[in-house]
Amino acid sequence: RAKMARPDFCGACHVMKNPMSGHYMMTLQSEWESSPAAKDGVTCQGCHMAPREGGQRYHGFDTAVRKSGIYTGDLGVSDVTLEFPTLSMIVENRVMGHSIPAGGPTRTLALEISCKDEQGREIHRIVERFAKAFTLMPIVGLMPYKLIQNAQLQSGEKRTVTFTLPDALTGKVRSLDLVLRMYEVSDEFQGDIGKAHWVGEPVLTKEIRFSGAL
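Residues numbered from 1 in each chain as written. Predicted model: local features only at pLDDT ≥ 70, side-chain atom pairs only at ≥ 80, totals over all residues. Heavy atoms only, no water.

Chemist: Could you clarify how one ought to interpret the side chain of Ser-99 in this entry?
Modeler: By the secondary structure assignment, Ser-99 is in the loop between β4 (86-93) and β5 (107-116). With a relative accessible area of 1%, Ser-99 lands in the buried category. Within the structure, Ser-99 has its side chain in polar contact with the side chain of Glu-31 (distance 2.7 Å). Polar side-chain contacts of Ser-99 include one of 3.2 Å to the side chain of Gln-152. Contacts of Ser-99, omitting those with residues within four sequence positions, involve Glu-31, Asn-93, Gln-152, Leu-153, Gln-154 and Ser-155. (Helix = DSSP H or I, 4+ residues; strand = E, 2+ residues; numbered from the N terminus. Buried < 20%, exposed > 50% of the residue type's maximum accessible area, 1.4 Å probe, protein only. Polar contact = N/O pair within 3.5 Å; in protein donor to acceptor, adjacent residues only side chain to side chain. Contact = heavy atoms within 4.5 Å.)

Chemist: For this particular structure, what's the right way to read the environment of Gln-190?
Modeler: Mapped onto the secondary structure, Gln-190 falls in the loop between β10 (175-184) and β11 (198-199). Owing to a relative accessible area of 34%, Gln-190 belongs among the partly exposed residues under this scheme. C-alpha separation for the pair Gln-190 and Pro-105, spaced 85 residues apart in sequence, amounts to 8.2 Å. Once residues within four sequence positions are removed from consideration, Gln-190 is found in contact with Arg-129, Ala-133, Phe-134 and Leu-136. A distance of 3.4 Å separates a polar side-chain atom of Gln-190 from the backbone oxygen of Phe-134. There is a polar contact of 2.9 Å between the side chain of Gln-190 and the backbone oxygen of Asp-187.

Chemist: Mind showing me how you'd approach the nonpolar core here?
Modeler: The nonpolar side chains of a soluble globular protein tend to be buried with one another. Formed by 34 residues in total, the largest nonpolar core has its most connected members in Tyr-71, Val-77, Leu-87, Met-89, Leu-111, Ile-113 and Leu-176. Elements that contribute at least two residues to this core include exactly β3 (75-83), β4, β5, β6 (122-130), β9 (158-164), β10 and β12 (204-209). Those residues in contact with Tyr-71, other than ones at most four positions away along the chain, are Ala-64, Val-95, His-98, Ile-100, Ala-102, Met-182 and Val-203. (Core = buried A, V, L, I, M, F, W, Y, C linked by side-chain atoms within 4.5 Å.)

Chemist: Would you take a moment to explain the pairing of β4 for this structure?
Modeler: Remark: a regular strand shows side chains that alternate across the two faces of the sheet. With respect to burial, β4 is a largely interior element, seven of its eight residues being buried. By the bridge criterion, seven bridges tie β3 to β4 in an arrangement that is antiparallel. Looking at β4, one finds that Gly-76 is bridged to Glu-92. Here β3 folds back onto β4 in antiparallel fashion, the turn holding two residues. (Pairing = 2+ DSSP bridges.)

Purely spatial values, then, with no claim about function.
What follows is the structure in structure tokens.
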């Protein structure tokens with residue numbers, strides 16, 4: 001019981017690297033060690049392993065896959081502006097202990113943006129992904145080999161994302177529907193959410209209406 005309560009206990013499983021390339025696929029322990037949560041004495045167990053009767057913590061380990069709504073209020077989208085053709089907004093990770101999406105390369109957070117016209121019809125769609133991208137093992141494939149991009153939202157990060165809308169949309173965009181949700185995508189599909197084997201409920205939904213078509 002005492003060992004399970006130690007901050008480094010979780011790292012035994014939740015830190016993972018490819019033994020051939022040496023690249024880390026999962027870095028939750030080091031993320032926590034450098035996070036505001038660690039500085040405040042908040043451990044992984046404190047958030048993810050609720051104590052049961054008798055004080056023994058439950059190792060069901062609540063995650064986005066196992067507990068719908070776990071990140072409700074922890075992700076935000078703000079300062080949405082459209083100065084045609086530039087659309088921008090801030091995406092925020094309010095979790096103080098680790099990046100989002102947490103875990104390995106199969107977890108993807110997607111910001112889905114539906115641009116709509118005066119009649120509420122979708123006229124353009126944007127998907128921005130937040131995840132790690134890897135090359136796959138030579139010859140064998142499948143298993144992540146080398147990290148080539150890390151687009152996770154870091155602990156406490158507020159990231160400005162910017163998009164350029166097509167000229168054909170000039171004067172037609174009246175509203176935006178924004179959705180943040182998690183996906184699980186097998187390694188071989190490299191974050192292609194169209195091939196996800198699990199799709200989460202929306203973590204955040206938001207409608208933005210403009211005073212006139214832009």
